Amino acid sequence: MKRSRRTTSESAADSAVERAPEYDRDVQSVGYFGDAVFAIAMTLLVVNIRVPSGTSADTLGRALRGLGSSFASYGITFIVIGFYWLGYHRQLHHLERFDGTALVIDLLFLMSVAFLPFPSLLLNQYFGSVSEVFYASSLAASGLLLGLLWIYPARRRLLRGVDARLNRYYTLRALYPPFIFLLSIPVAVGDPHAAEYVWALVVLGRPILRRIAYR
């Protein structure tokens, strides 16, 4: 009898495991974790700005003027990460739940965001074609993962309250920044300074996306 009861109990447990949605997580807890990663990454950006050693009170003004590129890199990266954070939360708002694959995509996206202070540091210290290509590639990779974090749940029907136009608009919003950064790579090879003007399209071109999506 004991063996029979134990076998029945094990069978019931196995059946419950089969019915349970493996790796499903509520969206709110995942969003809290994402907020922490974004906050750390955005805070670390300012650590990359350092006054040169040996600077005195008399030479501080000259040293600060020499940090112009560092301030620019900080501002650009902070704004882009901020856009990614806003897009991330807009997407989470429509996400009903995470399955295992969506969680993996989310982790890869957050890993790429946590990595962004490093290419920003390289851009500060070694400004040139190589650092700009590496920087643009890193930002493009994060943007593509954010786009995948929308496209995959949309195809797996993990979203709620999303019609065809909204789906198209959010897809364009997610893929537009990485497209601009990838577009800037051949420009950076020829002229690193010109690539920064291409990056400005990330902000300037956003109002056009809604018109395209809802036309």
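Below: a short report on this structure. Note that the coordinates shown come from a computational prediction; the quantities given were computed from them, not determined experimentally. (Residues numbered from 1 in each chain as written. Predicted model: local features only at pLDDT ≥ 70, side-chain atom pairs only at ≥ 80, totals over all residues. Heavy atoms only, no water.)

### Some remarks on the side chain of Thr 77
Stated precisely, the cut-off is as follows: The secondary structure listing takes helices from DSSP runs of H or I that are at least 4 residues long and strands from runs of E that are at least 2 residues long, numbered from the N terminus. Contact definition: two residues touch when any of their heavy atoms are within 4.5 Å.
Topologically, Thr 77 is positioned in helix α4 (residues 68–94). When sequence neighbours within four positions are dropped, the list of residues in contact with Thr 77 reads Leu 45, Ser 120 and Tyr 135.

### Observations concerning the nonpolar core
How we decide: Buried Ala, Val, Leu, Ile, Met, Phe, Trp, Tyr and Cys residues form a nonpolar core when they are joined through side-chain atoms within 4.5 Å. Per-residue accessibility, obtained with a 1.4 Å probe over protein chains only, is compared with the maximum for each type, and a residue is labelled buried under 20%, exposed over 50%, and partly exposed between these values.
Formed by 43 residues in total, the largest nonpolar core has its most connected members in Phe 38, Tyr 88, Phe 98, Phe 109 and Phe 181. Those elements that place two or more of their residues in this core are α2 (27–47), α4, α5 (100–115), α7 (129–155), α8 (164–190) and α9 (192–199). It is α7 that provides the largest number of residues to this core, a total of eight residues. When residues no more than four places from it in sequence are discounted, the contact partners of Phe 109 are Phe 38, Tyr 84, Tyr 88, Ser 142, Leu 145 and Leu 146.

### Quick look at α7
Operational definition: Every helix has an expected span of 1.5 Å times one less than the residues it contains.
For α7, which comprises 27 residues, the first-to-last C-alpha distance of 38 Å matches the rise-based estimate of 39 Å (1.5 Å per residue) to within 8%. Arg 157 lies just past α7 and shows a positive phi near 60°.

### Focus: unusual backbone geometry
Even without being a glycine, Arg 157 presents a positive backbone phi close to 60°. Mapped onto the secondary structure, Arg 157 falls in the loop between α7 and α8. On the basis of relative accessibility, which here comes to 75%, the residue Arg 157 falls in the exposed class.

### Considerations on the packing of α2 against α5
To keep it simple, the criterion reads: To define axes, lines are fitted to C-alpha atoms, for helices over the stretch in contact only, and angles between the resulting N-to-C directions are given on a 0 to 180 degree scale. An angle below 35 degrees is read as roughly parallel, one above 145 as roughly antiparallel, one from 65 to 115 as roughly perpendicular, and any other as oblique. Crossings are classed by handedness, with left-handed meaning an anticlockwise turn of the near helix from the far one by less than a right angle and right-handed meaning a clockwise turn. Asp, Glu, Lys and Arg are counted as charged, while Ala, Val, Leu, Ile, Met, Phe, Trp, Tyr, Cys and Pro are counted as nonpolar; the rest, among them Gly, fall into the polar class.
Where α2 meets α5, the closest approach of the two axes is 9 Å, and the angle between their N-to-C directions is 15°. As the angle between them shows, α2 and α5 are arranged roughly parallel. In the crossing of α2 with α5, the sense of the turn from one axis to the other is left-handed. In this structure, α2 uses Val 30, Phe 33, Gly 34, Val 37, Phe 38 and Ala 41 to contact α5, whose residues at the interface are Leu 103, Asp 106, Leu 107, Phe 109, Leu 110, Val 113 and Ala 114. A class-by-class count of the residues in the contact of α2 with α5 yields eleven nonpolar, one polar and one charged.

### Here we look at a nonpolar patch on the surface
Filter applied, for reference: In this scheme, patches are assembled from residues that exceed 30% relative accessible area and form no salt bridge. Like charges are connected within 9 Å, while nonpolar side chains (Val, Leu, Ile, Met, Phe, Trp, Tyr) are connected within 5 Å. Only the protein chains shown count as cover for residues, with accessible areas throughout obtained via the Shrake-Rupley method and a probe of 1.4 Å. Note on definitions: salt bridges are taken to be side-chain nitrogens of Lys or Arg within 4 Å of carboxyl oxygens of Asp or Glu.
Taken together, the side chains of Ile 40, Leu 44, Val 46 and Val 47 present a nonpolar region at the surface, about 330 Å² in accessible area. Looking at the secondary structure, you find Val 46 in helix α2. Given a relative accessible area of 43%, Val 46 falls into the partly exposed group.

### With respect to the packing of aromatic side chains
Let me state the cut-off plainly: Aromatic pairs are defined between Phe, Tyr and Trp rings, using the six-membered ring for Trp, whenever the two ring centres lie within 6.5 Å; interplanar angles under 30 degrees are classed as stacked, those over 60 as edge-to-face, and all others as tilted.
Per the stated rule, a full pass over the model turns up twelve aromatic pairs. Ring centres of Tyr 88 and Phe 109 lie 5.6 Å apart, and the angle between their planes is 35°; this geometry places the pair in the tilted category. Taken together, the positions of Tyr 88 in helix α4 and Phe 109 in helix α5 put the pair 21 residues apart, joining distant regions of the chain. Each member of the pair, Tyr 88 as well as Phe 109, is classed as buried. With a centroid separation of 5.0 Å and 45° between ring planes, the pair formed by Tyr 135 and Trp 199 is classed as tilted. Linking Tyr 135 in helix α7 with Trp 199 in helix α9, this pair joins segments that are 64 residues apart in sequence.

### Quick word on the environment of Ala 194
Position of Ala 194 relative to the elements: it lies in helix α9. Taking the C-alpha atoms as reference points, Ala 194 and Ser 184, ten residues apart in sequence, are found 8.5 Å from one another.

### Here's the deal with the side chain of Arg 173
Heads up, the rule is: Counting rule applied: Lys, Arg positive; Asp, Glu negative; His and chain ends not counted. Polar contact criterion, stated in full: a pair of N or O atoms within 3.5 Å, where within protein one must be able to donate a hydrogen and the other to accept it, and residues adjacent in sequence count only if both atoms are side-chain atoms.
If you trace the backbone, Arg 173 turns up in helix α8. We note that Arg 173 is buried and unpaired, the nearest opposite charge coming from Asp 163 at a distance of 13 Å. Among the polar contacts listed, one links the side chain of Arg 173 to the side chain of Tyr 169, at a separation of 2.7 Å.

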